[in-house]
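Geometric and topological summary
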Amino acid sequence: MSTVTVQLFASYAESFGGPTLEIPLDPGSTVGDLVHSIRSLPGAYVLPESPRVAVNRRFASFDQVVDPRDEVALIPPVAGG
Amino acid sequence: MRRSAIVTRAIDPAALMAEVQSTEFGAISVFAGTVRDTNDGRSVTAIDYSAYTSMAESELESILAEAQDRFGVMGIVVEHRVGTLALGDVSVAIVAAHAHRAPALDCTRFVIEEIKKRVPIWKREHYADGAREWVDPTARGVATT
């Protein structure tokens with residue numbers, strides 16, 4: 001089984017205790033599957049019901065398939081401006 | 001012309017205006033977001049801004065392309081600052097130039113609202129009592145700038 005690196009920022013990096021997570025990935029796994037796996041980790045209490053996920057620097061839907069080489073990030077509620 | 005950037009230095013809105021200056025424009029609209037001394041009833045002393053920089057730059061560029069299509073602005077420049085900002089510092093500046101005022105004004109409003117929805121930038125406020133907290137606009141449902 002391969003893994004994918006998930007980048008974390010701001011409050012999420014604090015809650016999970018670091019800037020990245022390594023998440024096991026079955027072939028054909030989707031963004032939704034990834035979020036489901038992350039929910040079992042300590043620190044996941046910080047995640048809202050439907051956290052925003054970016055794949056290759058674009059917001060992704062939960063049914064998008066993830067490749068181990070993708071640049072994946074969990075995006076906390078944005079607060080620019 | 002069109003330019004957007006995440007910067008770590010002070011933002012000079014006058015310099016951004018100079019970038020788009022042209023005699024073909026009758027209006028240059030400038031929006032500057034600044035660090036306020038209170039939020040949600042608490043006394044704020046500073047704000048740390050951080051970003052997923054590569055995605056933030058690409059989202060800013062997408063927003064500006066959409067703004068140019070929508071409003072026909074001929075010049076548009078945006079800078080957003082990251083790092084620790086003091087009270088009164090400019091955190092974001094948007095400059096939009098058009099032959100007429102309405103599209104220029106509407107454009108700056110559009111760009112700041114889109115930034116608040118979709119550009120991966122976060123802020124952690126420092127409070128007078130020593131606490132520091134991440135700002136979550138989805139939790140309070142109130143604009144913070």
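Cut-offs and rules
- Along each chain, numbering runs from 1 in the same order as the chain's sequence is written.
- Labels are handed out in written order, letters beginning with A for the chains and numbers beginning with 1 for the ligands.
- The predicted origin of the model limits local features to residues at a pLDDT of at least 70 and limits the giving and counting of side-chain atom pairs to 80 or more, whereas totals for whole chains, interfaces and linings rest on all residues.
- Strands are runs of DSSP state E lasting at least two residues, helices are runs of H or I lasting at least four, and both sets are numbered from the N terminus onward.
- Radius of gyration here is computed from C-alpha atoms only, and the compact-globule reference equals 2.2 Å multiplied by the residue count raised to the power 0.38.
- For every residue, the other C-beta atoms within 10 Å of its own C-beta are counted; 20 or more classify it as buried, 12 or fewer as exposed, and values in between as partly exposed. C-beta atoms are placed from the backbone.
- Each residue carries a pLDDT score, the predictor's own confidence in it, on a scale running from 0 to 100.
- Throughout, a residue-residue contact means that the two C-beta atoms, derived from backbone geometry, are no farther apart than 7 Å.
- Each residue gets one of three labels, nonpolar for Ala, Val, Leu, Ile, Met, Phe, Trp, Tyr, Cys and Pro, charged for Asp, Glu, Lys and Arg, and polar for the others, Gly among them.
- A pair of strands is treated as paired once DSSP finds two or more bridges between them.
- An axis is simply a line fitted to the C-alpha atoms; with a helix, the fit covers only the stretch in contact. Between two such axes, the angle follows the N-to-C directions and lies from 0 to 180 degrees.

1. A word on the overall build of chain B
- Summing up its helical and strand segments, chain B has four helices and nine strands in all.
- Start at the N end of chain B and walk to the C end: the helices and strands fall as β-α-β-β-β-α-β-β-β-α-β-β-α.
- In terms of overall dimensions, chain B is globule-like: its C-alpha atoms have a radius of gyration of 16 Å, near the 15 Å expected for 145 residues.
- Within chain B, the proportion of its 145 residues that are buried is 36%.

2. A look at the confidence of the model for chain B
- Of all residues in chain B, 96% have pLDDT values of 70 or greater, and the mean over the chain is 94.
- Our summary of model confidence lists the complex with pTM equal to 0.94 and ipTM equal to 0.95.

3. Regarding the interface of chain B and chain A
- Counting residues at the interface gives 25 residues for chain B, matched by 13 residues for chain A.
- When contributions to the side of chain B that touches chain A are tallied by element, the ones reaching two or more residues are helix H2 (53-71), strand E7 (90-98), helix H3 (101-118), strand E8 (121-127) and helix H4 (137-140) of chain B.
- If you tally residues by element for the side of chain B that touches chain A, the top one is H3 of chain B, at four residues.
- When the residues that make up the side of chain B that touches chain A are grouped by side-chain class, the tally is 12 nonpolar, nine polar and four charged.

4. Considering the sheet that holds strand E2 (residues 20-25) of chain A
Residue and element names in this part refer to chain A.
- Judged by pairing direction, the sheet is mixed, and its five strands sit side by side in the order E2-E1-E5-E3-E4 without closing on themselves. A single partner strand is all that each edge strand has here, and the edge strands are E2 and strand E4 (58-60). The sheet shows a mean angle of 40 degrees between the axes of neighbouring strands, taken without regard to direction.
- When strand E1 (residues 2-7) meets E2, the two strands line up antiparallel, connected through six bridges. Of the residues in E2, the one forming a bridge with Ser2 is Leu25.
- Across the sheet, helix H2 (residues 31-38) touches E1, E2, strand E3 (52-55), E4 and strand E5 (72-75), and the angle it forms with E2 is around 115 degrees.

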